[in-house]
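# Report on the structure
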Amino acid sequence: MLALFKSKPLLEQAEQQWLIDTFIWAVENFDAEFFTKHTQIILPTGKHFPDSVSSIEEMATNVFTRVRNYAGMSAWPVQLVAPQQLQPQVFPHFEFSEHLRGEQSALIVPPSHAVNVSFNPNQINQPQDLVASFAGTLATILIHHVAVLPPGGKDYLPQAADALACFLGFGVMMSNTVYQFKGGCGSCYNPYANREAKLSETHTVFMHALISYFKNDKESKKHLKPHLRSQFKKAQKEIKALVDTSANPLLLAYAPS
């Protein structure tokens, strides 16, 4: 009888476990020290994006620079180019010293050429999509460079890139831009501005809640879309219960005291 009153888990156990395993994969391969000491939960506010701009190019450049810096990748050989300048390219070989991200990261083997990335001009009026797209691109570059497959193997690379973007601190924007409502004015809706999400809203919110838990975040829920906040709250509750009963030393090590 009591089973009738138990709430359904936010995700199936296998889906939840994949996200937890992906968090562990991220910690093990993408600079755990930077995550612990420097990763912030980036919010769509003037605090994190205070720049005033006067052109599409200036906005794209400023947002990209801030996203790259928040991700701890300012030393990476990645440059923004105009959409018409983006050409197919071979990913170059390069190596860092001890630290992969942050101020202490330094190239010891420079690349033969920079990694070019670009932007979708349609997203200029949807800045959260622009931020999330840049975060996903940088996550993909990280994965290519480290060359360690995520849980599930190469078939899960696109989903892992979305999850890794949350690990970099961009879970609010990643969650808010999985699906864009058309709203009441069809002429205001631009499907070409939407980013191409690989994780569902629920999966993305759970991953963001997981990162928020380990970063002891108290602010991000109010910046999520209203319909996502209940999912986030439920995910937080499930994650706390999971970590409290976990025997995994890595999860316990990163849990807030």
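Above this text you will find the structure in question.
Residues numbered from 1 in each chain as written. Predicted model: local features only at pLDDT ≥ 70, side-chain atom pairs only at ≥ 80, totals over all residues. Heavy atoms only, no water.

## Regarding the overall build of the protein
Within the protein, the regular secondary structure consists of 8 helices and 4 strands. Listing each helix as α and each strand as β along the protein from the N terminus yields α-α-α-β-β-β-β-α-α-α-α-α. Over its C-alpha atoms the protein spans a radius of gyration of 19 Å, differing by no more than 12% from the 18 Å that the globule rule assigns to 257 residues. By principal-axis analysis of the C-alpha atoms, the protein measures approximately 65 × 50 × 35 Å. The buried share of the protein, reckoned over its 257 residues, is 47%. Counting only contacts in the protein whose residues sit at least 6 apart along the sequence, the fraction spanning at least 24 positions is 73%. Within the protein, one finds 21 positive and 21 negative side-chain charges whose respective centroids are separated by 9 Å. (Helix = DSSP H or I, 4+ residues; strand = E, 2+ residues; numbered from the N terminus. Rg over C-alpha atoms; globule rule 2.2 N^0.38 Å. Buried < 20%, exposed > 50% of the residue type's maximum accessible area, 1.4 Å probe, protein only. Contact = heavy atoms within 4.5 Å. Lys, Arg positive; Asp, Glu negative; His and termini not counted. Charge placed at Lys NZ, Arg CZ, Asp CG, Glu CD.)

## Thoughts on the side chain of Arg-101
Inspection of the secondary structure assignment puts Arg-101 in the loop between strand E2 (95-96) and strand E3 (107-109). Of the side chains with opposite charge, Asp-31 lies nearest to the buried Arg-101, which makes no salt bridge, at 5.2 Å. Here Arg-101 is in contact with Phe-30, Asp-31, Phe-34, Phe-35, Thr-39, Ala-71, Gly-72, Met-73, Leu-142, Phe-167 and Leu-168, once residues within four sequence places are set aside. (Salt bridge = Lys/Arg side-chain N within 4 Å of Asp/Glu carboxyl O.)

## As for helix H4 (residues 127-146)
Along an α-helix, a turn takes 3.6 residues, which lines up residues three or four apart on a common side. End to end, H4 covers 29 Å across 20 residues, agreeing with the expected 28 Å (1.5 Å per residue, within 8%). The first or second residue beyond H4 is Ala-147, which carries a positive phi of 60°. (Expected span 1.5 Å × (residues − 1).)

## Digging into the packing of helix H1 (residues 13-29) against helix H6 (residues 201-214)
Closest axis-to-axis distance for the H1/H6 pair is 10 Å, and the angle between their directions is 45°. Compared by their axis directions, H1 and H6 come out oblique. For the pair H1 and H6, the sense of crossing is right-handed. Residue-level contacts link Glu-15, Gln-16, Leu-19, Ile-20 and Phe-23 of H1 to His-203, Phe-206, Met-207, Leu-210, Ile-211 and Phe-214 of H6. Looking at the contact of H1 with H6 residue by residue, the classes come out as 8 nonpolar, 2 polar and 1 charged. (Axes fitted to C-alpha atoms, helices over the stretch in contact; angles between N-to-C directions. Parallel < 35°, antiparallel > 145°, perpendicular 65-115°, else oblique. Left-handed = near helix turned anticlockwise from the far one by under 90°. Nonpolar A, V, L, I, M, F, W, Y, C, P; charged D, E, K, R; others polar.)

## Side note on the packing of aromatic side chains
Taken as a whole and judged by the stated rule, the model has 13 aromatic pairs. Taking the centre distance of 5.7 Å and the plane angle of 35° together, the rings of Trp-18 and Tyr-156 count as tilted. Here Trp-18 is found in helix H1, whereas its partner Tyr-156 is found in the loop between H4 and helix H5 (157-176), with 138 residues between them in sequence. Judged by its relative accessible area of 36%, Tyr-156 is partly exposed. When the ring of Phe-35 is compared with that of Phe-167, the centres are 4.5 Å apart and the planes differ by 10°; the resulting orientation is stacked. Of this pair, Phe-35 sits in helix H2 (residues 32-37) while Phe-167 is found in helix H5, placing the two residues 132 residues apart along the sequence. (Phe/Tyr/Trp six-rings, centres within 6.5 Å; stacked < 30°, edge-to-face > 60°.)

## Concerning the packing of H5 against H6
Their axes nearest at 8 Å, the elements H5 and H6 cross at an angle of 120°. Here H5 is positioned oblique relative to H6, judged by the angle of their axes. In this structure, the crossing between H5 and H6 has a hand that is left-handed. Listed contacts from H6 to Ala-163, Cys-166, Phe-167, Gly-171, Val-172, Met-174 and Ser-175 of H5 are Glu-201, Thr-204, Val-205, Met-207, His-208 and Ile-211. Taken together, the residues of the contact of H5 with H6 break down into 8 nonpolar, 4 polar and 1 charged.

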